[in-house]
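If you want the building blocks of each chain, they are given just below.
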Number of protein chains: 2
Amino acid sequence: MVKYYKDPLDRIFFALADKTRRSIVQELNSGIKTAKELAEPFMMSLPAISKHLKVLEMAKLIKREKRGRQHFFSLQAEGLEAVSNWSEFFDTFWNQNLDNLETYINKKENIDE
Amino acid sequence: MVKYYKDPLDRIFFALADKTRRSIVQELNSGIKTAKELAEPFMMSLPAISKHLKVLEMAKLIKREKRGRQHFFSLQAEGLEAVSNWSEFFDTFWNQNLDNLETYINKKENIDE
DNA sequence: ATTATAGTTAACTATATGGTTAAATATTAC
DNA sequence: GTAATATTTAACCATATAGTTAACTATAAT
């Protein structure tokens, strides 16, 4: 299951590269849920969901808490944070583009005047 | 190469789930580069890089411009934007957590007073 | 025209993934 | 203690991925 040697971002992005897993994460945004509850919306066996949950757990996108025979899942900060940290560098890209656009607009306005 | 039926976010996250591809994206943050230039830092054949570039291109994380026999690559807004849009919903999660923390701290302060 | 350069496509291999069903584990209920 | 419930693990299958080398395409240089 999920290559053990992958780096944290590999695991996180890999985990999010699957529609079912993204849905699970979104679902958990509205609160803690059991494996059974999480499986319910999907046309898929429980073992399949169990695997998806493990992938998300390994990526530290969710965490598991066993209470009796049930496993309760919830969002975990660690993984989510890593994504946003990584993608932060794009802000630079964006801001540059925005700056360029602004510069361009300003220049144009000056010419128009 | 890269399942044709994948949804856009599948492709984007999948593309980013590989260290080599993430490095390429980061490299492109500092400007436009050719395939050869992008391949240079990696201990990997050119065809391997060619495939990675195609994956990133399909995900609309980068775009390609052919000039003569060279292919120039640069970051593309579309894919990057999709990631940040998708991960926006986590802000809610974060803000809630922050709110809860604040509430907790405030309550505690009131008790301490 | 030949040769060199930049890059892709094809064919292949080993390993990983996403699903399945059947069996195992652990806890709760009767 | 036996049955039911919640969930995972095992074994398996089909397909996808990441890399390889060899062959191909297209442009540039001599």
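Not measured: the values here are computed from a predicted model.

## Observations regarding the protein's contact with DNA strand C
- Contacts to DNA strand C come from 26 residues, most closely from Ser45, Lys51 and His52 of chain A together with Ser50 and Arg64 of chain B.
- Taking all atoms of DNA strand C within 4 Å of the protein, the share assigned to sugar and phosphate is 74%.
- Between Lys51 of chain A and DNA strand C, the recorded distance is 2.4 Å, taken from a side-chain N or O atom to a base oxygen.
- Between Lys54 of chain B and DNA strand C, the recorded distance is 2.9 Å, taken from a side-chain N or O atom to a phosphate oxygen.
- Within the residue set of the surface near DNA strand C, elements represented by two or more residues are helix H4 (46–58) of chain A together with helix H3 (35–39), helix H4 (46–58) and strand E3 (70–75) of chain B.
- For the surface near DNA strand C, the class distribution of residues is 8 nonpolar, 7 polar and 11 charged.

## Examining the confidence of the model for chain A
- Averaged over all residues, the pLDDT of chain A is 83; the fraction at 70 or higher stands at 78%.
- pLDDT under 50 marks residues 100–113 of chain A. Its contacts with residues more than four places away, or in other chains, come to 0 contacts.

## Concerning the protein's contact with DNA strand D
- Ser50 and Arg64 of chain A together with Ser45, Lys51 and His52 of chain B are the nearest of the 26 residues found near DNA strand D.
- For DNA strand D, the backbone makes up 72% of the atoms found within 4 Å of the protein, where backbone means sugar plus phosphate.
- Between DNA strand D and the protein, one listed contact pairs a phosphate oxygen with a backbone N or O atom of Lys36 of chain A at 2.8 Å.
- In the model, a base oxygen of DNA strand D is placed 2.4 Å from a nitrogen or oxygen of the Lys51 of chain B side chain.
- Of the residues that constitute the surface near DNA strand D, the class distribution is 9 nonpolar, 7 polar and 10 charged.

## Regarding the sheet that holds strand E2 (residues 62–67) of chain B
Residues and elements named next belong to chain B.
- Sheet architecture is open: 3 strands sit in the order E1-E3-E2, paired in antiparallel fashion. At either margin of the open sheet sits one strand with a lone partner, and together these are strand E1 (33–34) and E2.
- Each of E1, E2 and E3 touches helix H2 (residues 19–28); the most contacted strand, E3, lies at about 85° to it.

## So, the pairing of E3 of chain B
- With 2 bridges joining them, E1 of chain B and E3 of chain B adopt antiparallel strand pairing. Each bridged residue has a counterpart across the sheet, and for Thr34 of chain B the counterpart in E3 of chain B is Phe72 of chain B.

## Some words on helix H5 (residues 77–87) of chain B
- When we look at burial in H5 of chain B, the residues that qualify are Gly79, Leu80, Val83, Trp86 and Ser87 of chain B. Down the axis of H5 of chain B, the buried set is contained in an arc of 130°. They therefore lie on one face.

## Some points on the packing of helix H1 (residues 8–16) of chain B against H5 of chain B
Residue and element names in this part refer to chain B.
- Two elements in contact, H1 and H5, have axes separated by 10 Å at closest approach and are oriented at 100°. When the axes of H1 and H5 are compared, the pair comes out roughly perpendicular. Residues Leu9, Ile12, Phe13 and Leu16 of H1 lie in contact with H5, whose contacting residues are Gly79, Ala82, Val83 and Trp86.
- Tallied by class, the residues present in the contact of H1 with H5 amount to 7 nonpolar, 1 polar and no charged.

## Comments concerning the pairing of strand E2 (residues 62–67) of chain A
Residues and elements named next belong to chain A.
- Across 6 bridges, the pairing between E2 and strand E3 (residues 70–75) is antiparallel. Bridge pairing in E3 places Ile62 opposite Leu75.
- Two successive antiparallel strands, E2 and E3, enclose a turn made up of 2 residues, where Gly68 displays a positive phi of approximately 60°.

## Looking at the pattern of salt bridges
- Going through the model one piece at a time under the given rule, you end up with 14 salt bridges over all chains.
- A salt bridge links Asp7 of chain A to Lys19 of chain B; its shortest N-O distance comes to 2.4 Å. In this pair, Asp7 of chain A is assigned in the segment before helix H1 (8–16) and Lys19 of chain B in helix H2, connecting two distinct chains.
- Under the relative-accessibility criterion, Asp7 of chain A is labelled buried at 18%.
- Note that Glu27 of chain A and Lys33 of chain A form a salt bridge whose closest N and O atoms lie 3.5 Å from each other.
- Look at Glu27 of chain A and you get partly exposed, because its relative accessible area is 34%.
- When its relative accessible area of 17% is taken as the criterion, Lys33 of chain A is described as buried.
- In the salt-bridge network here, residues are joined through shared partners; they are Asp7 and Asp10 of chain A together with Lys19 and Arg22 of chain B.

## Description of the packing of aromatic side chains
- Under the criterion given, the structure shown has 3 aromatic pairs over all chains.
- Across from the ring centre of Phe14 of chain A, 3.6 Å away, lies the NZ or CZ of Lys6 of chain A, which sits over that ring.
- Its guanidinium or amino end placed over the ring of Phe72 of chain B, Arg67 of chain B lies 4.2 Å from that ring's centre, counting from NZ or CZ.

So, how was this worked out
- Residues numbered from 1 in each chain as written.
- Chains lettered and ligands numbered in written order.
- Predicted model: local features only at pLDDT ≥ 70, side-chain atom pairs only at ≥ 80, totals over all residues.
- Heavy atoms only, no water.
- Near = heavy atom within 4 Å.
- Polar contact = N/O pair within 3.5 Å; in protein donor to acceptor, adjacent residues only side chain to side chain.
- Helix = DSSP H or I, 4+ residues; strand = E, 2+ residues; numbered from the N terminus.
- Nonpolar A, V, L, I, M, F, W, Y, C, P; charged D, E, K, R; others polar.
- pLDDT = per-residue confidence, 0-100.
- Contact = heavy atoms within 4.5 Å.
- Pairing = 2+ DSSP bridges.
- Axes fitted to C-alpha atoms, helices over the stretch in contact; angles between N-to-C directions.
- Buried < 20%, exposed > 50% of the residue type's maximum accessible area, 1.4 Å probe, protein only.
- Arc of directions from axis to C-beta.
- Parallel < 35°, antiparallel > 145°, perpendicular 65-115°, else oblique.
- Salt bridge = Lys/Arg side-chain N within 4 Å of Asp/Glu carboxyl O.
- Phe/Tyr/Trp six-rings, centres within 6.5 Å; stacked < 30°, edge-to-face > 60°.
- Lys NZ or Arg CZ within 6 Å of the ring centre and 35° of its normal.

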